[in-house]
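Next come the chains, spelled out residue by residue.
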Amino acid sequence: MIALIQSRGAIGVLLLATIVASLRFPFFPTVANFENIGTAASFLGLVAIGQTFVIILGGFDLSVGSLIGLGSVLAAYALPYGWWAALLVPALAGGAVGLVDGLLIARAGMAPFIVTLAALLGVRGIALVLAKNSLVIATPGVFGLIANGQILGIDNLIWIVFIGFAIAAIVLNRTRYGVAVFAIGGNEEAARMLGVPVARIKVLTYVVSGTLAGLSGALLAAHLSSGISTAGQGEELKSIAAAVIGGVLLTGGVGTMAGALSGVLLLGLIENVIDQIGNLSSYYQNLASGVFLLIAVLIQTVLTRRRR
């Protein structure tokens, strides 16, 4: 029962918050508003997928916010060579940063906090230099349609993030790689003794996280028709918060993609409700997110102790 609450509690909270918001605000329970929440949360959602893998592994990735900004700038510069280049170049750049992070953490034994914090600062600096501290215009077309079009009446971004979470859930729960991620997060030394290639899995996980962050930046550029070097500020912390609210333990070894998705949507719902109120500043969004995160950590701590 405790394990079920820990893994599915965020879904229940999300449903309860949706019901309460629907009763309180007449414009909340509309298809258009739900699409707005999904679209706005999609960029964080892609980042949260990679962050969830990393946290279950026993680490965390602070570089993803800066990679969104770098990805959006690189996408705008690569767009003249084709829409595929505007998607591929940011993804490859993000993967390259993740590769360096992973090698330093797995092979050199450096702390994830130091490595990814250095990457956060360095990548943001590169993005600012490339963009010359201004916007880089991305001419809309097929590239813009990828982020702003619809399939079956549903925004493409919503399709992308939900398909991404579905694939990630299958990989996490149905593949050897997913088993290895859980094993390393649960007990790294035991996993190594069982023959799990710990260093290789760590490097691959950070590559996945960086790739998804770069792709998120590319989609943001497609959505806004411009590359913004300062985009993604704070998203690294929001992605960690979304995963933790969704039941992913910061100590590693426990978590689900469904829970992480619930955390992303719950943060999006909070922002949307504050917008519905109208007379509250955006600072209340951070306050509410912080309160939810604190409550989630406290509940997880109590549940974990009871399970033990």
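All values reported here derive from a predicted model rather than from experimental measurement. (Residues numbered from 1 in each chain as written. Predicted model: local features only at pLDDT ≥ 70, side-chain atom pairs only at ≥ 80, totals over all residues. Heavy atoms only, no water.)

*Asks:* Explain the overall build of the protein residue by residue, including any values.
*Replies:* Helix and strand content of the protein: 13 helices and four strands. The buried share of the protein, reckoned over its 308 residues, is 51%. When contacts within the protein are restricted to residue pairs at least 6 apart in sequence, long-range pairs at least 24 apart make up 78% of them. For the protein, the accessible area works out to roughly 14,500 Å², and carbon and sulfur atoms hold 70% of it. (Helix = DSSP H or I, 4+ residues; strand = E, 2+ residues; numbered from the N terminus. Buried < 20%, exposed > 50% of the residue type's maximum accessible area, 1.4 Å probe, protein only. Contact = heavy atoms within 4.5 Å. Areas by Shrake-Rupley, 256 points an atom, 1.4 Å probe, with all protein chains shown as cover.)

*Asks:* How would you sum up unusual backbone geometry? Please name residues and give values.
*Replies:* Phi angles above zero are rare outside glycine, and Leu152 is one such case at about 55°. Judged by relative accessible area, which is 75%, Leu152 ranks as exposed. Positive phi outside glycine occurs at Ser225, with the angle close to 60°. Of note, Ser225 is situated in the loop between helix H10 (198–224) and strand E4 (226–227).

*Asks:* Please give an account of the packing of helix H7 (residues 156–174) against helix H12 (residues 257–277) that cites residues and values.
*Replies:* At a minimum axis separation of 9 Å, H7 and H12 run at an interaxial angle of 150°. When the axes of H7 and H12 are compared, the pair comes out roughly antiparallel. Two secondary-structure elements touch here, H7 through Phe162, Phe165, Ala168, Ala169 and Leu172 and H12 through Met257, Ala260, Leu261, Val264 and Leu265. Looking at the contact of H7 with H12 residue by residue, the class counts come to 10 nonpolar, no polar and no charged. (Axes fitted to C-alpha atoms, helices over the stretch in contact; angles between N-to-C directions. Parallel < 35°, antiparallel > 145°, perpendicular 65-115°, else oblique. Nonpolar A, V, L, I, M, F, W, Y, C, P; charged D, E, K, R; others polar.)

*Asks:* Residues and numbers for the UniProt feature "transmembrane region" (unreviewed entry) in the protein, please.
*Replies:* In this numbering, the UniProt entry assigns the feature "transmembrane region" (unreviewed entry) to residues 40–60, 67–89, 109–131, 152–172, 203–228, 240–270 and 282–303. Along residues 152–172 the backbone is 81% helical and 10% strand, and the end-to-end C-alpha distance reaches 29 Å. The span residues 240–270 is 65% helical and 0% strand by assignment, and the distance between its end C-alpha atoms comes to 16 Å. (UniProt positions renumbered as here; feature names shortened; annotations may be inferred.)

*Asks:* Can you explain the nonpolar core? Please cite residues and give values.
*Replies:* Judged by nonpolar contacts, the single largest core of 83 residues is most densely connected at Ile49, Phe143 and Phe165. Looking at this core, the element that brings in the most residues is helix H2 (residues 31–57), giving 13 residues. When near neighbours in sequence (up to four residues on either side) are disregarded, Phe165 contacts Gly45, Ala48, Ile49, Met257, Ala260, Leu261 and Val264. (Core = buried A, V, L, I, M, F, W, Y, C linked by side-chain atoms within 4.5 Å.)

*Asks:* Could you give an account of the side chain of Asp155, naming the residues involved and the relevant values?
*Replies:* One can find Asp155 in strand E3 (residues 154–155). The buried charged residue Asp155 lacks any salt bridge partner; its closest oppositely charged side chain belongs to Lys238, at an N-O distance of 18 Å. A distance of 2.8 Å separates polar atoms of two side chains, one belonging to Asp155 and the other to Thr39. A distance of 2.9 Å separates the side chain of Asp155 from the side chain of Gln150, its partner in a polar contact. Discounting residues that sit within four places of it in the chain, Asp155 has contacts with Glu35, Thr39, Gly149 and Gln150. (Lys, Arg positive; Asp, Glu negative; His and termini not counted. Salt bridge = Lys/Arg side-chain N within 4 Å of Asp/Glu carboxyl O. Polar contact = N/O pair within 3.5 Å; in protein donor to acceptor, adjacent residues only side chain to side chain.)

*Asks:* Break down the pattern of salt bridges for me, citing the residues and quoting the values.
*Replies:* Following the criterion strictly, the structure yields five salt bridges and no others. As a salt-bridge pair, Arg192 and Glu189 come within 2.9 Å of each other at their nearest N and O atoms. With Arg192 and Glu189 both in helix H9 (residues 188–193), this residue pair falls three residues apart, about one helical turn. One salt bridge connects Lys238 with Glu235, and the closest N-O pair in it is separated by 3.9 Å.

*Asks:* With reference to specific residues and values, describe the packing of aromatic side chains.
*Replies:* For any pair of aromatic rings, geometry is given as the distance between the ring centres together with the angle between the planes. Enumeration over the complete set of coordinates arrives at three aromatic pairs. Aromatic pair Phe28 and Phe34: ring centres 5.6 Å apart, planes at 90°, arrangement edge-to-face. Given a relative accessible area of 0%, Phe28 falls into the buried group. Of the residues examined, Phe34 reaches a relative accessible area of 39% and is grouped as partly exposed. Relative to Tyr177, the ring of Phe53 lies with its centre 5.8 Å away and its plane at 50°, an arrangement referred to as tilted. Here Phe53, found in helix H2, pairs with Tyr177, found in helix H8 (residues 176–186); they are 124 residues apart in sequence, far enough to count as distant. (Phe/Tyr/Trp six-rings, centres within 6.5 Å; stacked < 30°, edge-to-face > 60°.)

*Asks:* Describe the environment of Phe60, listing the residues and the values that go with them.
*Replies:* Here Phe60 is to be found in the loop between H2 and helix H3 (64–78). By relative accessible area, Phe60 is classed as partly exposed at 27%. Once residues within four sequence positions are removed from consideration, Phe60 is found in contact with Gln51, Val54, Ile55, Pro112, Phe113, Thr116, Tyr206 and Ile240.

*Asks:* Provide a residue-level description of the environment of Ala76, including the pertinent values.
*Replies:* Checked against the element boundaries, Ala76 lands in helix H3. The sequence separation of Ala76 and Gly227 amounts to 151 residues, and the corresponding C-alpha distance is 5.4 Å.

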